[in-house]
Protein chains: 2
Amino acid sequence: MSSNNLDLIDRLRSAVGAAGLVLEKEAKAAYETDWLQKWTGLSSVVVRPANTQETAEVMRICHETHTPVVIQGGNTGMSGGATPDTSGAQVILSMVRMNAIRNVDPLNNTLTAESGVILANIQAAAQEANRYFPLSLGAEGSCTIGGNLATNAGGIAVLRYGNARELVLGLEVVLPDGRIWNGMRALRKDNTGYDLRDLFVGSEGTLGVITAAVLKLHAKPIARATAWVGAESVDALIRLLAQMREVCGERLVAFEMISEESLDLILEHVADVRAPLANSHPFNALIELSDTQEQGLADLLESSLGDALEGGMIQDVVVSQTNGQTQAFWKIREGISQAQVRAGKAVKHDIALPISAIPAFVRGADVAVRKALPGAQIINFGHLGDGNLHYNVLLPLDSSPEAYAATTAKLNRVVHDIVSVANGSISAEHGVGQLRRDELRHYKSEVEFDLMLRIKQSLDPNHIMNPGKLI
Amino acid sequence: MSSNNLDLIDRLRSAVGAAGLVLEKEAKAAYETDWLQKWTGLSSVVVRPANTQETAEVMRICHETHTPVVIQGGNTGMSGGATPDTSGAQVILSMVRMNAIRNVDPLNNTLTAESGVILANIQAAAQEANRYFPLSLGAEGSCTIGGNLATNAGGIAVLRYGNARELVLGLEVVLPDGRIWNGMRALRKDNTGYDLRDLFVGSEGTLGVITAAVLKLHAKPIARATAWVGAESVDALIRLLAQMREVCGERLVAFEMISEESLDLILEHVADVRAPLANSHPFNALIELSDTQEQGLADLLESSLGDALEGGMIQDVVVSQTNGQTQAFWKIREGISQAQVRAGKAVKHDIALPISAIPAFVRGADVAVRKALPGAQIINFGHLGDGNLHYNVLLPLDSSPEAYAATTAKLNRVVHDIVSVANGSISAEHGVGQLRRDELRHYKSEVEFDLMLRIKQSLDPNHIMNPGKLI
């Protein structure tokens, strides 16, 4: 360890105390590898500030010493955005000790939390106040709200409630130079200047440290109605989606698509699931309505799907009659990750398209992928209601790391070229991090990249915030 | 006219053609004074580009020549943001010729429009496609969508659908140096870098020229139910609001508050309106539900307000039984502007607060205003559901301009000091423009102002975009 580094550690210790530093190699290791064990790096030290002032002091020191900083929440990211590089020069700034819920205001429908609060704890606190915080995703038991906001997390309730961006009203941010921006406004309307909040949301730790947020709460749904649908084509599902939105309005909370090949994979590899419908169908959808009123909800779902069935838009449907059946439907949908892990190595895509462009995309991508990789096993599923597909390709479990990497690069290019032509997104909800950084530079227009660089330069002139990620 | 200016005009003519220039003094005058006739200025020329390329060429010329530019849509702003200064050096860039609706995509629930399209025409195009564009405000027959986005317009449907910001997915922007940023993404999810879109939304023409936008459409409501409520206090109305959100969820589309004094003013000065309730109440609310389903909506409104009445939360209620009655309720609410103009000179405030902080604000502000101006006539009304009050004070019609200006400055400070302490906003939906520019500098934190300045500098280094406004 250089004397410069020893000096840095001393200064950081004076900022956060000995309890706020992790220096031992084994203890640091838990922060240096992401949960997917896909990315790994080395840090000079892990700093765990207990409050905003300490965070500000840490950033002031790093700014002055030009020390690169990687911010980390629950370490559950999908794109390696919170893992340091291998230089050993980067400081990991872990926000997990800032885990207080500062305030719940049911009259204003807001909840104020520090960035290290675990998402599930926010959901529970909202519930306790007879409100609802709709952000929900697989990692909710360990991801933090700061990470959710820094990556603009999506999840399973975006169709009605929007991404994390739409669920935040105010932010507190420690800037790269250690100043504190107090943007903790709990307001639905505020037209007093540039929207700084949304600049930090989704910036993946490259512009500042989110230390706290004012979150929007919603009315708690007390009823839900769920169905499983089989259809001939994705075109049919998209027409059904449009029709259900017309008829059900904001009640429509989930419209998840699962291709036949995806369903077969789940049925083969996940325990205790069975096919909801008697026959196989090229495309399936899990559809859910929810409401603050019980009355009429199940009837609405049954009648709208009954109409679609009679009209030949869909081939089969089963409406859940019990909570157990509803859970069974969701278990199938949520089993897809496990099924993929067990069945092979997935080349992943997290893409978004205009919903009307999805049928053409699926046809075009299926052909192009099978041309690039004859016999490819395409696992196509996702949040159809958001235009967000996880269009994955499964390689054999025994693929060598080299073969997997080469095929991934090849198929990513094939799929993302088609997405790009359709004016879609190559990262719908998983962010850029390390995973898509080179691709981002390839697909973003020069003008857009220049705008991003100008903003980065203006807020982080020493380029210490999460170098090697996103931009 | 200087030779430099003649040269500029020649260059602009070559960019937009003779048809794209307005040079005559009388013709320019219509652009040089805002609709409220509150602000007036002088322009060197009014330029009306027909398309994005022409707009880009105009900006390239202005950037090179350091010519200041004021962008204008329907000229219906509330804060003088689209009116030039009196130097005669500023170019007005009028977007009204860019008035094409480029695309309506019902399957994707999007509509793509150029920035000069009048809001009402967008509403109509959505309607024609059996969809709904919820942005709605008094000026909708003449304001343009570009202006709505540049000012992040609010209006009467924010409670359910959000501000203009929440209704846009993608933007096309001509940058201050004439480059075109194509951010026309019609996607619900896109996590590929900084949120540039929301930086331009609400920037009041100080960062770039919005030339087109992809707008979000919603399901068309087919049923509405409306009521008028009388209550003892604003506290009671806020409890009612919270209860109605719990029970009605997203059906609740309007919760407008009108104080007794405001209602009296309307009844006195607006023709063909009458009090909805037999007795006077300190506070009134106009409440509306809407839904994509007819069934049960009226019952839901009646039962929830019936419960509130029985529980003593409110003192009286009338639920509209006919379309005519609903229109009569809204006529009262919308008559407030006219009533104020007829009755006096209004010292205006357009403030937002956490909803839970409104009762204390009203009590504190009432006392402080009456202390500053004994006998003040306080006209307090607004979008209670959004925490947005138009807390105005009416001065006599015969107040001298000097007395009006002095009292305005005095009361603005009194009211905005209280708003500021409550962590509220001094401009909820009307923006900053010229009107609140000095106040913004007074109330914004130094850190926030510095962040805004850095962004301004990075995107508009020659400071040609709408100088004298906002920042």
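Residues numbered from 1 in each chain as written. Chains lettered and ligands numbered in written order. Predicted model: local features only at pLDDT ≥ 70, side-chain atom pairs only at ≥ 80, totals over all residues. Heavy atoms only, no water.

Where an unreviewed UniProt entry is consulted, chain A appears under the name FAD-binding oxidoreductase, with the organism given as Variovorax defluvii. Per UniProt, the comment on chain A under Sequence similarities (unreviewed entry) is "Belongs to the FAD-binding oxidoreductase/transferase type 4 family." (UniProt positions renumbered as here; feature names shortened; annotations may be inferred.)

The helix and strand inventory of chain A stands at 16 helices and 19 strands. Taking the principal axes of the C-alpha coordinates as reference, chain A spans close to 75 × 55 × 45 Å. Taking all contacts inside chain A whose residues are at least 6 apart in sequence as the whole, residues at least 24 apart take part in 74%. Of the roughly 17,100 Å² that chain A leaves accessible, carbon and sulfur atoms contribute 50%. (Helix = DSSP H or I, 4+ residues; strand = E, 2+ residues; numbered from the N terminus. Contact = heavy atoms within 4.5 Å. Areas by Shrake-Rupley, 256 points an atom, 1.4 Å probe, with all protein chains shown as cover.)

Before going further, it helps to examine the pairing of strand β2 (residues 43-47) of chain B. All names here are of chain B. In terms of residue burial, β2 counts as a mostly covered element, since five of its five residues are buried. Relative to β2, strand β1 (residues 21-22) is paired through two bridges, and the arrangement is antiparallel. Within the sheet, the bridge partner assigned to V22 lies in β2 and is V46. As judged from the four bridges shared by β2 and strand β4 (residues 90-94), these two strands associate in the parallel manner. Looking at β4, one finds that V46 is bridged to I92. (Buried < 20%, exposed > 50% of the residue type's maximum accessible area, 1.4 Å probe, protein only. Pairing = 2+ DSSP bridges.)

This paragraph deals with helix α16 (residues 446-459) of chain A. Working note: α-helix, 3.6 residues per turn, so residues spaced by three or four point in the same direction. For α16(A), spanning 14 residues, the distance from its first C-alpha to its last is 20 Å, which sits close to the expected 20 Å at 1.5 Å a residue. Within the sequence span of α16(A), burial applies to A:V447, A:E448, A:F449, A:L451, A:M452, A:I455, A:K456, A:S458 and A:L459. On its buried face, α16(A) sits against α7 (197-200) and α15 (437-443) of chain A together with β9 (180-183), α7 (196-200) and α16 (446-459) of chain B. (Expected span 1.5 Å × (residues − 1).)

The next point concerns the interface of chain A and chain B. The interface is formed by 92 residues belonging to chain A together with 92 residues belonging to chain B. Both faces combined, the contact of chain A with chain B buries some 7,400 Å², and carbon together with sulfur accounts for 52% of it. Of all residues in chain A, A:K189, A:N191 and A:Y194 give up the largest surface area on contact with chain B, accounting jointly for 14% of the area buried on that side. Counting the contacts that link chain A with chain B gives 18 salt bridges. Along the contact surface separating chain A from chain B lie 56 residue pairs in polar contact (both at pLDDT 80 or more). Secondary structure elements with two or more residues in the side of chain A that touches chain B: α6 (158-161), β9 (180-183), α7, β11 (218-219), α8 (234-248) and α16 of chain A. Examining the composition of the side of chain A that touches chain B, we find that 10 residues originate from one element, α16(A), more than from any other. Per-class residue counts for the side of chain A that touches chain B are 35 nonpolar, 28 polar and 29 charged. (Buried area = accessible area lost by both parts, 1.4 Å probe. Salt bridge = Lys/Arg side-chain N within 4 Å of Asp/Glu carboxyl O. Polar contact = N/O pair within 3.5 Å; in protein donor to acceptor, adjacent residues only side chain to side chain. Nonpolar A, V, L, I, M, F, W, Y, C, P; charged D, E, K, R; others polar.)

Put simply, the second copy of the chain is the first one after a rotation about an axis and a shift along it. In the superposition of chain A on chain B (RMSD 0.0 Å, axial shift 0.0 Å), the rotation amounts to 180°. The relationship between the two copies is best expressed as a two-fold rotation axis. Taken as a fraction of all interface residues of chain A, those also at the interface in chain B reach 100%, which identifies the copy contact as same-surface. (Least-squares fit on C-alpha atoms with pLDDT ≥ 70 in both.)

Counting 128 residues, the largest nonpolar core has A:F133, A:L171, B:F133 and B:L171 as the members making the most contacts within it. Setting aside chain neighbours within four positions, we find A:L171 in contact with A:L149, A:W181, A:N182, A:G183, A:M184, A:R197, A:F200, A:V201, A:I210, A:A212 and A:A213. (Core = buried A, V, L, I, M, F, W, Y, C linked by side-chain atoms within 4.5 Å.)

Summed over all chains, the structure comprises seven cavities of 30 Å³ or more. Every residue lining the second largest cavity is counted, 19 residues in all, and those nearest its centre are A:E250, A:R251, B:E250, B:R251 and B:D291. Going through the elements one at a time, β14 (283-291) of chain A together with α6 (158-161) and β14 (283-291) of chain B are the ones with two or more residues in the lining of the second largest cavity. Here the lining of the second largest cavity is composed, by residue class, of five nonpolar, six polar and eight charged. (1 Å grid on protein atoms, 1.4 Å probe; cavity = no way out; pocket = protein on both sides within 12 Å on 5 of 7 lines; lining within 4 Å. Points joined across faces, edges and corners; volume = space filled by probe spheres on them.)

All names here are of chain B. Burial in helix α2 (residues 25-32) covers these residues: K28, Y31 and E32. End-on view of α2: buried residues confined to an arc of 95°, all on one side of the axis. Pointing more than 90 degrees away from the buried face of α2 are the exposed residues E26 and A30. (Arc of directions from axis to C-beta.)

Residues and elements named next belong to chain B. Applying the stated criterion across every chain yields a total of eight aromatic pairs over all chains. Ring centres of W228 and F329 lie 5.9 Å apart, and the angle between their planes is 55°; this geometry places the pair in the tilted category. With W228 in strand β12 (residues 223-231) and F329 in helix α11 (residues 323-334), this pair connects stretches of sequence that are 101 residues apart. One exposure class covers both W228 and F329, and it is buried. (Phe/Tyr/Trp six-rings, centres within 6.5 Å; stacked < 30°, edge-to-face > 60°.)

Bringing the sheet that holds strand β2 (residues 43-47) of chain A into the picture now. Residue and element names in this part refer to chain A. Taking strand neighbours across the sheet as the criterion, the four strands line up as β1-β2-β4-β3 in an open arrangement whose pairing is mixed. The open sheet is flanked by β1 (21-22) and β3 (69-72), the only strands paired with a single partner. The strands touched by helix α2 (residues 25-32) are β1, β2, β3 and β4 (90-94); relative to β2, the strand with the most contacts, the crossing angle is about 85°. Along the sheet, helix α3 (residues 52-64) contacts β2, β3 and β4; its crossing angle with β4, the most-contacted strand, is approximately 170°. (Axes fitted to C-alpha atoms, helices over the stretch in contact; angles between N-to-C directions.)

Taken as a whole, this structure holds 54 salt bridges over all chains when the rule is applied. Close ionic contact of B:E166 with A:K216 constitutes a salt bridge, the shortest N to O distance being 3.9 Å. Taken together, the positions of B:E166 in the loop between α6 and β8 (168-174) and A:K216 in strand β10 (residues 209-216) put the pair across two chains. A salt bridge links B:R333 to B:E256; its shortest N-O distance comes to 2.6 Å. Separated by 77 residues along the polypeptide, B:R333 in helix α11 and B:E256 in strand β13 (residues 252-259) bring together distant segments of the chain. Taken together, the shared-partner salt bridges connect A:R165, A:R197, A:D198 and B:D195 into one network.

All names here are of chain B. If you walk across this open sheet you meet the five strands as β5-β6-β10-β8-β9, and the pairing is antiparallel. Taken across any chain shown, the strands that pair with only one partner, and hence form the sheet edges, are β5 (101-105) and β9. Across the sheet, the axes of successive neighbouring strands diverge by a mean angle of 10°, strand direction being ignored. The sheet contact formed by strand β6 (residues 110-114) and strand β10 (residues 209-216) spans five bridges and is antiparallel.

For the rest of this paragraph, the subject is the UniProt feature "domain: FAD-binding PCMH-type" (unreviewed entry) in chain A. Sequence positions flagged by UniProt for "domain: FAD-binding PCMH-type" (unreviewed entry) are, in local numbering, residues 39-220 of chain A. For residues 39-220 of chain A, the end-to-end C-alpha separation is 38 Å, with 20% helix and 26% strand making up the annotated structure.

Looking now at unusual backbone geometry. Glycine aside, a negative phi is what most residues show, and trans is what most peptide bonds show. Phi is positive for A:N466, close to 50°, though the residue is something other than glycine. Judged by its relative accessible area of 1%, A:N466 is buried. Here B:N75, not a glycine, exhibits a phi torsion of approximately 60°, which is positive. On the secondary structure map, B:N75 appears in the loop between β3 (69-72) and β4.

We now examine the packing of helix α9 (residues 260-269) of chain A against helix α12 (residues 336-343) of chain A. All names here are of chain A. Where α9 meets α12, the axes come as close as 9 Å, and the angle between the chain directions of the two elements is 75°. One way to sum up the angle between α9 and α12 is to call them roughly perpendicular. The residues of α12 that touch α9, namely those facing S262, L265, I266 and H269, are I336, A339, Q340, R342 and A343. Residues of the contact of α9 with α12, tallied by class, amount to five nonpolar, three polar and one charged. (Parallel < 35°, antiparallel > 145°, perpendicular 65-115°, else oblique.)

All names here are of chain A. Examined against the element boundaries, K28 turns out to sit in helix α2. In this structure K28 is buried but unpaired, with E32 as the nearest side chain of opposite charge at 4.1 Å. Of note is the side chain of K28, whose polar atom sits 2.8 Å from the backbone oxygen of S43. Not counting residues up to four positions away in its chain, the partners in contact with K28 are V22, L23, S43, S44, V45 and V46. (Lys, Arg positive; Asp, Glu negative; His and termini not counted.)

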